[in-house]
Amino acid sequence: MTNLPILSTGSAAYVLYSLLYIAVLGLSYQLLLHPLRNYPGPLVAKLTNGYAGYFAIKRNLHLQIWRNHLKYGPVFRLGPDRLVFNSATALRDIYQNERVTKPPTYLATQSNPNAHSTWNSLDRDMHRRKRKLVGRATTEASMRSFETAMTEQVDIFIRGLARNHNQQPINVKNRCSYLSFDIIGLLSFGYALNLQTDEQNQFLAEQLAHGNHRMNVYMQIPVIPRYKLQTWINLLFRQEREKTARLIETMIRNRMADDANARRDLFSFLADAVNAKDDDGLRLGDLWYEAFFFIIAGGDTTATALSATLFYLSRNPECYSKLATEIRTTFRKGTEISGKGLAGCQYLRACIDESLRMSPPTPGTLWRHLAPEEEGRGPFVVDGHVIPNGTMVGVNAYSLHHNEEYFPNPFKYDPDRWLITGNSDSKAAQRKAMHDAFAAFSIGSRGCAGKPTAYLELSLSLAKILWYHDFETAPGKLGQVGVGQQGEFQLYDIFTSTHDGPYLVFKPRDTFAEDFGNAAAHG
Ligand code: HEM
């Protein structure tokens, strides 16, 4: 009996020493023998994905990566098995490469292991099938038939800005967010979410942002999805997740009660596939995941881009006045403003692209790896580096967009950089270099499926704001909300991004009363 405690202490010490030994072996392997050992990077990042996880929790991973590129150069090791690149060549080598796919880290976003949306389908064939369906909802032609519904929502937004015309500063963050969610609700399931006019569904914007933040942390720390730990963590947020799930179910149920062809929304394109009996068919349950992702993808991304453009215009009077002149001379009446007319507004497009460059709504690193079935079929080369199998690679949009090699003076809001004219070789090379390094929507077969929707929504909203209102930065402290490093618009990286501000003061122009009446401004 008396020997027992001695035995226990001995066993405990043995276990402890064994664990220490394994840890030292593991760490030595990462530093001395791992195939990525010669890549530079922060020491902690070479040892654990907890490094990226920590900054993902703080929502500033995009800024940390940018700082690391300044310190370590165009490629560095962000995790034991992760390399981040900072060149247009790497962007092309990774994202325009059919041998590459999304790694299992994307499965951190699944709440049901058998359900995949277009976005988190890892299997390349499965993705192609789903993308074909989803892409049909956002083509230029679909946008033309959806434009009337979108314009109605933008008009509600414009009227809302006027209601505060006793010069109270408005934080445009929520306004832009509610507008985008209302539009995506109609585009996906013809459902009037009415966030702009009714508080009931406004929780959606905030809850999806919380969910994105969690998801981004899970994606940076692969041990979470590997052992399905997210299922347990998500239990802590059960109530808010269930509330969102109920709303999406209501949207789907309402739409299913209607004729599939009643309108050209996402559902109308998915419905045929749900009914199909062949392999290309969608299961009814997949609709939920497709809807959920579509709403996330199209909601806060466009809202961030709109807030950012308003931020930059309010702080750059020359750009503001150039854009106001373009809009106010292109159209004769506010009711004439349409996607067709806006297609010719080059300065407007340049202002949008410059905002997307400086403040990309998806500011992070979109991880990819060589599809497992491609291993052994020739090397995977990124910007001249042969990538060992199993390595996750990516380009960080925020860093690439602030790389001076492509965008000189990267913290300057300069829409004119997108309008360089001239046929000299150097001008042509400059134009090409910039366009090749523009990654706001990503590129290749997994690039954004909603680009036409985003440009139409941003163009209509900005043109109508400038047609019906003048605006400026709020005075005092409120005017500083949203100011980030070197004066740019501060984004918080949650895979997509969130932000606060800008606070702006809107003054309706005479054109407002002409089209909406005075009552609307005071109502
Ligand atoms: C300014 C606004 C937007 C930006 C910056 C943006 C950006 C992106 C990016 C970077 C991706 C790639 C994500 C990844 O690889 O993990 C993506 C994917 C996607 N986006 Fe967007 N997006 C925007 C608006 C929209 C809108 C309005 C919609 C829907 C109408 C949409 C639908 C999608 C879909 C369905 C995908 C998945 C594509 C696939 O995996 O094949 N996006 N977006």
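Predicted, not measured: the structure shown is a model, and the values here were computed from it.

Novice: Can you lay out the coordination of the iron atom of the ligand for me, pointing to particular residues and giving the numbers?
Specialist: For the iron atom of the ligand, the protein supplies a single donor, C448 (SG), at a distance of 2.3 Å. By secondary structure assignment, the location of C448 is in the loop between α20 (425-436) and α21 (451-468).

Novice: Give a detailed account of the site of the ligand, specifying residues and quantitative values.
Specialist: The ligand sits among 33 residues. The nearest are Y106, W119, H127, R368 and C448. Note that an oxygen atom of the ligand is positioned 3.5 Å from one of the side-chain N or O atoms of K102. Separating an oxygen atom of the ligand from a side-chain N or O atom of H127 is a distance of 2.6 Å. Sorting the residues of the shell around the ligand by element identifies α6 (124-136), α8 (172-189), α14 (284-298), α15 (300-315) and α21 as the ones contributing at least two each.

Novice: Give a description of the pattern of salt bridges that names residues and reports values.
Specialist: The final tally for this structure, using the stated rule, is 21 salt bridges. In this structure, E98 engages R128 in a salt bridge whose closest nitrogen and oxygen atoms are separated by 3.9 Å. Here E98 is found in the loop between α5 (88-95) and β3 (100-101), whereas its partner R128 is found in helix α6, with 30 residues between them in sequence. We classify E98 as partly exposed; its relative accessible area is 47%.

Novice: Go over the sheet that holds strand β12 (residues 503-508) with me, naming the residues and quoting the values.
Specialist: Reading across from one edge, β4-β12-β9 is the order of the 3 strands in this open sheet, with antiparallel pairing throughout. Each edge of the open sheet is held by one strand with a lone partner, namely β4 (170-171) and β9 (469-473). Relative to β12, β4 runs antiparallel, the two being bridged by 2 bridges. In the sheet register, I170 faces β12, and the bridge partner there is L504. Contacting β9 and β12, α15 runs over the sheet at an angle of about 80 degrees to β9. Running at roughly 100 degrees to β9, α21 makes contact with β9 and β12 of the sheet.

Novice: Describe the layout of surface pockets, with residues and values.
Specialist: In this structure, the largest pocket spans a volume of roughly 530 Å³. Listing elements by their share of the lining of the largest pocket, those giving two or more residues are α9 (203-220), α11 (229-235), α12 (238-256) and α14. Considering each element in turn, the lining of the largest pocket owes the most residues, 7 residues, to α9. Split by residue class, the lining of the largest pocket holds 12 nonpolar, 12 polar and 3 charged.

Novice: Break down a nonpolar patch on the surface for me, citing the residues and quoting the values.
Specialist: On the surface, V223, Y227, L229, W232 and L235 cluster together into a nonpolar patch covering about 540 Å² of accessible area. Take the nonpolar patch: its biggest share by element is 3 residues, from α11. Checked against the element boundaries, V223 lands in helix α10 (residues 223-226).

Novice: An account of the state of the cysteines is requested, with residue identities and associated values reported.
Specialist: This structure, assessed with the given rule, holds 0 disulfides. Of the cysteine sulfurs around C351, a residue in no disulfide, the closest is that of C319, at 6.0 Å. Residue classification places C351 among the buried residues on the basis of a relative accessible area of 0%.

What counts, and at which threshold
- Residues numbered from 1 in each chain as written.
- Predicted model: local features only at pLDDT ≥ 70, side-chain atom pairs only at ≥ 80, totals over all residues.
- Heavy atoms only, no water.
- Donors = N, O, S within 2.8 Å, 3.2 Å for Na, K, Ca; no water.
- Helix = DSSP H or I, 4+ residues; strand = E, 2+ residues; numbered from the N terminus.
- Near = heavy atom within 4 Å.
- Polar contact = N/O pair within 3.5 Å; in protein donor to acceptor, adjacent residues only side chain to side chain.
- Salt bridge = Lys/Arg side-chain N within 4 Å of Asp/Glu carboxyl O.
- Buried < 20%, exposed > 50% of the residue type's maximum accessible area, 1.4 Å probe, protein only.
- Pairing = 2+ DSSP bridges.
- Contact = heavy atoms within 4.5 Å.
- Axes fitted to C-alpha atoms, helices over the stretch in contact; angles between N-to-C directions.
- 1 Å grid on protein atoms, 1.4 Å probe; cavity = no way out; pocket = protein on both sides within 12 Å on 5 of 7 lines; lining within 4 Å.
- Points joined across faces, edges and corners; volume = space filled by probe spheres on them.
- Nonpolar A, V, L, I, M, F, W, Y, C, P; charged D, E, K, R; others polar.
- Patch = residues over 30% accessible without salt bridge, like charges linked within 9 Å, V, L, I, M, F, W, Y side chains within 5 Å.
- Areas by Shrake-Rupley, 256 points an atom, 1.4 Å probe, with all protein chains shown as cover.
- Disulfide = S-S within 2.5 Å.

None of this, on its own, says anything about what the molecule does.
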